[in-house]
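# An overview of the molecular structure
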Amino acid sequence: MALFSRRRQPEPEVQEEAEPLTSGPWDIEDEAGLGNRVDLGALRIPKRPGMSLRLELERASRVPVAATVTLGESTVQMQVLAAPRTMSLWDQVRPELAESVRSSGGEVDEVPGEFGRELLARMPVTTPGGSGVRPMRLVGIDGPRWMIRATFTGKAAFDIQAAKELEDVLRDAVVVRGTQARPPREVLPLTVPGQTQQDDAGAPETDALGMPRRGPEMTETR
């Protein structure tokens, strides 16, 4: 049976809208309330007992560009990037991150994980006792016109049980993308609680793996 009658004219094309998320992290349209979360402007981080929260600042502008949550011996650093409306930014970024790890002398494997395809990396580091390896777990989650990039370090990078608490923090985070036009991959600036978000802040400076360079820090323990 034909889908349309002969008399019916084809409907004009409309831009595809993103479907509501069925699991976190959430978009503000799906989880509008602040709840028990710290308001960082573009990112709302759920509070957990014993959690420490640190903001990473871009060195030149001193604009917060990432939030690092620590629980026990594990940390997760979260950034929000502007993304295209109709394609996965993580699928584009993931192979580039893998190549960056290899070009920096590290090793990396792409594996299935709790949030889809992810990267398990081992980066060479220099320690007081000599050379060593720092494990990292790189996760990307696509949302409507945004992507969260999460980097797990410490025990959460290699211990499934140790990662669960921080995975729950990530799942319960809320992204406030805003309506401002932004090029794909631009990092959304965060704000110190109580301050107004700076919409005209420039794109932050990042290192070879897209991590923000360390600047002054804010630490809050709940």
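In this text the structure is predicted, and so the values were computed from the model without any measurement.

## Considerations on the overall build of the protein chain
Helix and strand counts for the protein chain stand at two helices and twelve strands. Counting from the amino terminus, helix and strand elements in the protein chain follow one another as β-β-β-β-β-β-α-β-β-β-β-α-β-β. In the protein chain, which comprises 222 residues, the share counted as buried stands at 43%. A separation of at least 24 residues holds for 57% of the contacts in the protein chain among residues at least 6 apart in sequence.

## Some words on the nonpolar core
Counting residues in hydrophobic clusters, the biggest one holds 32 residues, and the most contacted among them are Leu 40, Leu 43, Ile 45, Val 69, Met 78, Phe 152 and Leu 170. Only strand S3 (43–46), strand S4 (52–57), strand S5 (64–71), strand S6 (74–82), strand S9 (130–143), strand S10 (146–154) and helix H2 (160–171) provide two or more residues apiece to this core. Within the second largest apolar cluster, 17 residues are counted, among which are Val 65, Trp 90, Leu 97 and Val 187.

## Examining the confidence of the model for the protein chain
Mean pLDDT over the protein chain: 83, with 77% of residues reaching 70 or higher. For the stretch residues 1–16, pLDDT sits under 50, and the model shows two contacts to residues farther than four places along the chain or on other chains. Here residues 197–222 is a poorly scored stretch, pLDDT under 50, and it has 71 contacts once near neighbours within four places are set aside; other chains count.

## Structural notes on unusual backbone geometry
For Arg 62, which is not glycine, the phi dihedral falls at a positive 60°. Its place among the elements puts Arg 62 in the loop between S4 and S5.

## Thoughts on the pairing of strand S7 (residues 107–113)
Both S7 and strand S8 (residues 116–127) contribute to a ladder of seven bridges, which runs antiparallel. Paired with Glu 110 across the strands is Leu 119, a residue of S8.

## Description of the pattern of salt bridges
Counting across every chain of the model gives 15 salt bridges. The salt bridge involving Arg 171 is made with Asp 168; its shortest N-O contact spans 3.2 Å. Taken together, the residues Arg 171 and Asp 168, both in helix H2 and three residues apart, mark about one turn of the helix. Of the residues examined, Arg 171 reaches a relative accessible area of 26% and is grouped as partly exposed. The partly exposed category is assigned to Asp 168, whose relative accessible area is 39%.

## Notes on helix H1 (residues 89–103)
For H1, built from 15 residues, the straight-helix expectation of 21 Å at 1.5 Å per residue is met to within 8% by its first-to-last C-alpha distance of 21 Å. Residues of H1 that are buried in the fold lie against S6, S7, S8, S9 and S10. Backbone nitrogen of Trp 90 and a side-chain oxygen of the N-cap are separated by 3.4 Å at the start of H1; the cap is Ser 88.

## Concerning the side chain of Arg 44
Positionally, Arg 44 belongs in strand S3. In this structure Arg 44 is buried but unpaired, with Asp 39 as the nearest side chain of opposite charge at 4.0 Å. Among the polar contacts listed, one links the side chain of Arg 44 to the backbone oxygen of Ala 32, at a separation of 3.2 Å. Filtering out sequence-adjacent residues up to four positions away, Arg 44 remains in contact with Ile 28, Ala 32, Gly 33, Leu 34, Arg 37, Val 38, Asp 39, Asp 172, Ala 173, Val 174 and Val 176.

## Some details on the environment of Ala 157
Structurally, Ala 157 can be placed in the loop between S10 and H2. Its relative accessible area of 9% is what places Ala 157 among the buried residues. In the structure, Ala 157 is positioned 83 residues away from Ser 74 in sequence and 7.8 Å away in space, judged by C-alpha atoms. Excluding anything up to four places from it in sequence, Ala 157 contacts Leu 120, Pro 135, Met 136, Arg 137 and Phe 152.

## As for H2
With twelve residues, H2 should reach 16 Å at 1.5 Å per residue; the first-to-last C-alpha distance of 16 Å fits that figure. Taken residue by residue, H2 has Ala 163, Leu 166, Glu 167, Val 169 and Leu 170 as its buried positions. Across the axial projection of H2, the buried residues extend over an arc of 150°, all falling on one side. Set apart from the buried face of H2 by more than 90 degrees, the exposed residues are Gln 161 and Glu 165. Buried residues belonging to H2 abut S3, S5, S6, S9 and S10. Two or three places before Gln 161, at the start of H2, stands the capping residue Asp 159, its side-chain oxygen 2.9 Å from that residue's backbone nitrogen.

Here is what the cut-offs are and how they apply
Residues numbered from 1 in each chain as written. Predicted model: local features only at pLDDT ≥ 70, side-chain atom pairs only at ≥ 80, totals over all residues. Heavy atoms only, no water. Helix = DSSP H or I, 4+ residues; strand = E, 2+ residues; numbered from the N terminus. Buried < 20%, exposed > 50% of the residue type's maximum accessible area, 1.4 Å probe, protein only. Contact = heavy atoms within 4.5 Å. Core = buried A, V, L, I, M, F, W, Y, C linked by side-chain atoms within 4.5 Å. pLDDT = per-residue confidence, 0-100. Pairing = 2+ DSSP bridges. Salt bridge = Lys/Arg side-chain N within 4 Å of Asp/Glu carboxyl O. Expected span 1.5 Å × (residues − 1). Polar contact = N/O pair within 3.5 Å; in protein donor to acceptor, adjacent residues only side chain to side chain. Lys, Arg positive; Asp, Glu negative; His and termini not counted. Arc of directions from axis to C-beta.

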